[in-house]
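Each chain, written out:
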Amino acid sequence: MADLPANALREVVSLDGIWNFALAASPNLNDDPAWTRTLPSTLQAPVPASYNDIFTEREIQKHVGWVFYQRSVTLPFSWRDNLVIIRVGAATHRGRVYVNDTFVVEHHGGYMPFEADITSIIQPGETFRLTIAVNNELTWETVPPGEIEVAADGTRKQIVRHDFFNYSGLHRSVQLCCVPKNHITDVRVVTDVINSGKTGTVEYQVTTTQLARSNNRVKVALVDEAGSTVAEAMGAQGTLTVDSVQLWQPGAAYLYHLHVRLFPSAVPIAADEYKVNVGIRTVKVVGRQIHINEKPFYFTGFGKHEDYPVRGKGHDAAFMVHDYQLLKWMGANSFRTSHYPYDEAWLDYADRHGVVVINETPAVGMNLAIMAGWHGKAHKPTFSPDTCSDVTRKNHEHALRELIQRDKNHPCVVMWVIANEPSSHEETSRQYFEPLTVLARELDPTRPIGYANEKQAGPKEDKIIDLFDVICLNRYYGWYIFTGDLSGAEKGLEAELREWEAMYGKPIIMTEYGADTLAGLHTVGDVPWTEDYQMTHRVFDRIGSVVGEHVWNFADFQTPTDFILRIDGNKKGVFTRDRKPKAAARTLRKRWLDLQNRL
Ligand code: GCB
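Q: Please explain the overall build of the protein as it appears in this structure.
A: Along its length, the protein carries 10 helices and 32 strands. Computed over its C-alpha atoms, the radius of gyration of the protein comes to 25 Å, within 12% of the 25 Å expected for a compact globule of 599 residues. Residues classed as buried in the protein amount to 58% of the 599 residues present. Across the protein, contacts joining residues at least 24 apart in sequence account for 72% of those joining residues at least 6 apart.

Here it is, written out as structure tokens:
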């Protein structure tokens, strides 16, 4: 289930707030079973938030290994006769939940929710100690991958191969949920539009608990924004049709909702209910275009990060809504959830407001050629039994399954990005990626797939692009190459884009381009790092296959603090980290608003 909402038959208690907090004394969790004792309140950490920048101690900021979050929770007495579920929005990158001394669930992967049924462990009315152990280690087997270096004195250092700080902790809400024993476990909807755009179809599939299945009666109603039921049916699966359909359109969202109710017996009182927003729209790759509702769509927007001062990657509704307001002000119609899945609130908001989302897995940094390539050094193969191996791929498959399972119903999501900048010019990348593309298509035959390509895997070198529908290019002409030479950059970019176009005939999205800019730095002339150093967009306009431009990045963001090519983070933001516009914002805004008016 994408989320566990409160409604007439379900209750949710938020466990967000201040939790007691401690670093584990040893990398081995069992050496320090902190969940068996009450943690002192010497250190307290907010949930949701990364813990790294909350405290002043460097050892906390740079900690590698386990930490503990703990609080006490009382189970409402009124929840007897129901199931009690603990839901953790995200524990980055691995979480283990304990209720008093009892271990209840473990989850790998830092950007996905997970839950556990604790009904049999706790009695209604009882107060218990809830401990969540969170681990931030990245190894060759995790997604994203990383390596841990151990110094002679035993100090451990996390090496990451991606360009953002390894923020850690409980990044999203923790909730205690009361769910009926007979309940709906999943709803899937797939929409289509027929009859020259006049009729919408909503294919639905409802899954329920075993208990409910043996005696089930599912009723569904599709309700429009005015609250009128436009179609209804009985049964756990079927197809609803909507005449005079109002389509979900980019920039003009219309949301129906599917109200699912479960009647486990002849009693006319529902045992459970669940509502899922339904935006009726189609997405298709047609030749060199991406069509939404049968019309070519041109993406304007950004690659983003969940990254904020002080709270790191902790979800923040105020920052989120403000970011959306800035996107709108800019004339941006879309963004990419680089480089991991975001809090579901991002997708709910995009659904509601018609923002188009390219949804990415956490597979970033699978590229040993990047740094080595820059320095012309030899490197190990990225995809091999010692690096990204079959075990990594299994974990990557798991991350993909979880992502599609969570986000399948969101109309805003128009494409899945399987990885960011993998070393796709290496021979073995194909063996690694082919099964992932097969799986993505099996899990969701309705949306195109892509991966964000890095420069070294140019059109002639890349080994996997034929497995994907869209060419997504991360290119830094004028920055990493043709540095300070904007006219050389323009020629280089055009030549490369024309090569991709000629060789593959697929739509191309510029998923990254941009330049580091220090807010306030100005010169006369084109000097890198200044606000005056602006790239041209003429090339995109000259190439028919380019169907989108996502600037890197929406805002400045934090990066590993021991990397000298970054000064207090990556400064390619069009906004500063505290969301103040740099000069590029005005240039882009003008272009994107003009583009909007042209369409
Ligand atoms: C990239 C990466 C992104 C980096 C960016 C940069 O290609 O995908 O994560 O932050 O380059 O600024 O170097």
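From this point, the narrative continues.
Q: Got a minute to help me understand a nonpolar patch on the surface in this structure?
A: Residues M371, I564 and L565 make up a contiguous nonpolar surface patch of roughly 350 Å² in combined accessible area. Residue position: I564 is located in the loop between β32 (546-552) and α10 (583-598).

Q: Would you take a moment to explain the packing of aromatic side chains for this structure?
A: Here a ring pair, both rings aromatic, is described through the centre-centre distance and the interplanar angle of the planes. Applying the stated criterion to the full structure yields 33 aromatic pairs. Grouped by ring-pair contacts, the aromatic residues Y111, F164, Y324, F335, Y340, Y342, W346 and Y349 constitute a single cluster. Cation over ring: R96 sits above F103, and NZ or CZ is 4.1 Å from the ring centre. Here the basic side chain of K572 rests over the ring of Y476, its NZ or CZ set 5.5 Å away from the ring centre.

Q: Just checking my understanding: could you explain the site of the ligand for this structure?
A: Neighbouring the ligand are 13 residues; D163, H339, E421, Y480 and K572 lie closest to it. At 2.7 Å, a side-chain N or O of H339 approaches an oxygen atom of the ligand. In terms of residue class, the shell around the ligand is built from four nonpolar, four polar and five charged.

Q: Would you explain the sheet that holds strand β10 (residues 127-135) in this entry?
A: The strands making up a sheet associate through backbone hydrogen bonding, with each pair oriented either parallel or antiparallel. Overall, antiparallel pairing links the six strands, which are arranged β3-β2-β4-β10-β7-β8 in an open sheet. Each having just a single partner strand, β3 (44-47) and β8 (102-108) make up the two edges of the open sheet. For this sheet, the mean angle separating the axes of adjacent strands, direction not counted, is 30 degrees. Looking at chain direction, strand β2 (residues 17-23) and β3 are connected through four bridges and run antiparallel. In the strand pairing of β3, N20 is matched with Q44.

Q: Is there a simple way to explain the environment of I449 in this structure?
A: Tracing the sequence through the fold places I449 in strand β29 (residues 449-453). Taking the relative accessible area as the measure of exposure, I449 reaches 0% and is therefore buried. Sequence separation between I449 and L83 is 366 residues, and the spatial gap between their C-alpha atoms is 37 Å. If we ignore the near neighbours within four places in the chain, the residues touching I449 are M415, W416, I418, T437, A440, R441, L467, F468, D469 and V470.

Q: Which parts of the structure should I look at to understand the sheet that holds strand β17 (residues 218-223)?
A: Ordered by their spatial adjacency, four strands build an open sheet running β18-β17-β20-β21, and the pairing between neighbours is antiparallel. The sheet is open, and its two edges are formed by β18 (229-234) and β21 (272-278), each paired on a single side. Going across the sheet, the axis of each strand differs from the next one's by a mean of 15 degrees, ignoring polarity. Direction of pairing for β17 relative to β18: antiparallel, over a ladder of five bridges.

Q: How do you make sense of helix α6 (residues 390-407) when you look at a structure like this?
A: Because each turn of an α-helix spans 3.6 residues, side chains separated by three or four positions in sequence point in the same direction. The end-to-end C-alpha distance of α6, which contains 18 residues, comes to 25 Å, matching closely the 26 Å that a straight helix rising 1.5 Å per residue would cover. Where α6 is concerned, the buried positions are T392, R393, H396, E397, A399, L400, E402, L403, I404, R406 and D407. In this structure, the buried side of α6 is in contact with β8, α4 (344-353), β27 (356-360), β28 (413-420) and α7 (429-443). Capping the start of α6 is the job of one residue whose side-chain oxygen sits 3.2 Å from the backbone nitrogen of V391: S389.

Cut-offs applied
- Residues numbered from 1 in each chain as written.
- Predicted model: local features only at pLDDT ≥ 70, side-chain atom pairs only at ≥ 80, totals over all residues.
- Heavy atoms only, no water.
- Helix = DSSP H or I, 4+ residues; strand = E, 2+ residues; numbered from the N terminus.
- Rg over C-alpha atoms; globule rule 2.2 N^0.38 Å.
- Buried < 20%, exposed > 50% of the residue type's maximum accessible area, 1.4 Å probe, protein only.
- Contact = heavy atoms within 4.5 Å.
- Patch = residues over 30% accessible without salt bridge, like charges linked within 9 Å, V, L, I, M, F, W, Y side chains within 5 Å.
- Areas by Shrake-Rupley, 256 points an atom, 1.4 Å probe, with all protein chains shown as cover.
- Salt bridge = Lys/Arg side-chain N within 4 Å of Asp/Glu carboxyl O.
- Phe/Tyr/Trp six-rings, centres within 6.5 Å; stacked < 30°, edge-to-face > 60°.
- Lys NZ or Arg CZ within 6 Å of the ring centre and 35° of its normal.
- Near = heavy atom within 4 Å.
- Polar contact = N/O pair within 3.5 Å; in protein donor to acceptor, adjacent residues only side chain to side chain.
- Nonpolar A, V, L, I, M, F, W, Y, C, P; charged D, E, K, R; others polar.
- Pairing = 2+ DSSP bridges.
- Axes fitted to C-alpha atoms, helices over the stretch in contact; angles between N-to-C directions.
- Expected span 1.5 Å × (residues − 1).

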